[in-house]
Amino acid sequence: MWLVGTLLFVAFVFFVFAKAAVARSGAQAAADAAALAAAQEVRGELVDGLGGAIGNDDDWLNWLAGEGPGADGVAAATDLAAANDATLEGLTPGSVGGFPSFKASIVTNYTVGESLIPGTENTQAHASATAVIEPRCAPEPGIDPIETVAFECGSDGNFELDPEDFVLEDLPDASVLFSVYLAE
């Protein structure tokens, strides 16, 4: 009888830890999604800024390097956190390896729930993740950036754009210009 009671108690304890692990996993998924959403929103702003700089001056080099001012990504991160039943606690811009990054910190809207361990019924899971925007293209060597807009994007090819007859649709896709990935 005591063996059955002990086994039941152990089973309940494992159940509590499993519930906590599920909550933590859900929190990490929400943090990952929020960080990636912020970085992708800013990547879109970088592409728009690059398009606006082409034909106006040689500032397109900064935009191509991912150095132009962009959106803060908070709206996209908040939306993705909410879609994953979590709340964005903060979004911190930074740098990883010299590239722009965004660290999203979230808390779940749900708790671990009731269990044999007191205090878990109100415990929410917290997590954070960092997404990086890495430029995938570089200006072609030896060009005059005021006269010529030409850049190489590795295996995606070389691009030469006419600054006098440029429209935003001439740019390659944002995913060709900038890579977005999780750093942590």
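If you're wondering where the values come from, they're calculated on a predicted model, not measured in any experiment.

Caption draft 1: Highlighting the nonpolar core. Ile106, Phe151 and Leu177 are the most contacted members of the largest nonpolar core, which has 42 residues in total. At 12 residues, helix α1 (residues 2-53) tops the list of elements feeding residues into this core. If near-sequence neighbours (up to four positions away) are discounted, Leu177 is found in contact with Val47, Leu50, Leu64, Glu134, Pro135, Arg136, Cys137, Phe151, Cys153 and Pro172.

Caption draft 2: The arrangement of the sheet that holds strand β1 (residues 86-96) in detail. If you trace the 4 strands from one edge of the open sheet to the other, you get β1-β2-β3-β7, paired in antiparallel fashion. Of all the strands in the sheet, just β1 and β7 (178-182) have a single pairing partner and so form its edges. Strand-to-strand, the axes of this sheet are offset by a mean angle of 20°, without reference to chain direction. Strands in contact with helix α3 (residues 74-83) are β1 and β2 (99-111); relative to β1, the strand with the most contacts, it is inclined by about 135°.

Caption draft 3: Region of the structure containing the pattern of salt bridges. Evaluated as defined, the whole model comprises 1 salt bridge. The closest approach of N and O atoms between Arg136 and Asp156, which form a salt bridge, is 3.4 Å. Of this pair, Arg136 sits in the loop between β3 (124-135) and β4 (138-139) while Asp156 sits in the loop between β5 (149-152) and β6 (158-161), and the two are 20 residues apart along the sequence.

Caption draft 4: Expanded view of α3. Among all positions of α3, only Ala76, Ala77 and Ala81 are buried. Viewed end-on, α3 has its buried residues packed into an arc of 130°, placing them on one side of the element. Exposed residues lying more than 90 degrees from the buried face of α3 are Asp79 and Ala83. Just downstream of α3 lies Asp85, where phi reads positive at about 55°.

Caption draft 5: Expanded view of the environment of Phe99. Topologically, Phe99 is positioned in strand β2. Residues Phe99 and Glu134 lie 35 residues apart in sequence; the distance between their C-alpha atoms is 5.7 Å. Excluding anything up to four places from it in sequence, Phe99 contacts Gly94, Val132, Ile133, Glu134, Pro135 and Tyr181.

Caption draft 6: Broad picture of the confidence of the model for the chain. Summary statistics for the chain give a mean pLDDT of 84 and a share of 83% for residues scoring 70 or more. Least confident of the elements in the chain is α1, whose mean pLDDT is 80; most confident is β7, at 95.

Caption draft 7: A look at the sheet that holds β6. Read across the open sheet, the 3 strands follow the order β4-β5-β6; overall the sheet is antiparallel. Looking at strand neighbours, the two that pair on one side only are β4 and β6, the edges of this open sheet. Here 2 bridges tie β4 to β5, and the two strands are oriented antiparallel to one another. Note on β5: the bridge partner recorded for Ala138 is Glu152.

Caption draft 8: Structural detail: unusual backbone geometry. Of note in the backbone geometry, Asp85 takes a positive phi value of approximately 55° without being a glycine. With respect to the helices, strands and loops of the structure, Asp85 is situated in the loop between α3 and β1. Its relative accessible area of 37% is what places Asp85 among the partly exposed residues.

Quick notes on the rules
- Residues numbered from 1 in each chain as written.
- Predicted model: local features only at pLDDT ≥ 70, side-chain atom pairs only at ≥ 80, totals over all residues.
- Heavy atoms only, no water.
- Core = buried A, V, L, I, M, F, W, Y, C linked by side-chain atoms within 4.5 Å.
- Buried < 20%, exposed > 50% of the residue type's maximum accessible area, 1.4 Å probe, protein only.
- Helix = DSSP H or I, 4+ residues; strand = E, 2+ residues; numbered from the N terminus.
- Contact = heavy atoms within 4.5 Å.
- Pairing = 2+ DSSP bridges.
- Axes fitted to C-alpha atoms, helices over the stretch in contact; angles between N-to-C directions.
- Salt bridge = Lys/Arg side-chain N within 4 Å of Asp/Glu carboxyl O.
- Arc of directions from axis to C-beta.
- pLDDT = per-residue confidence, 0-100.

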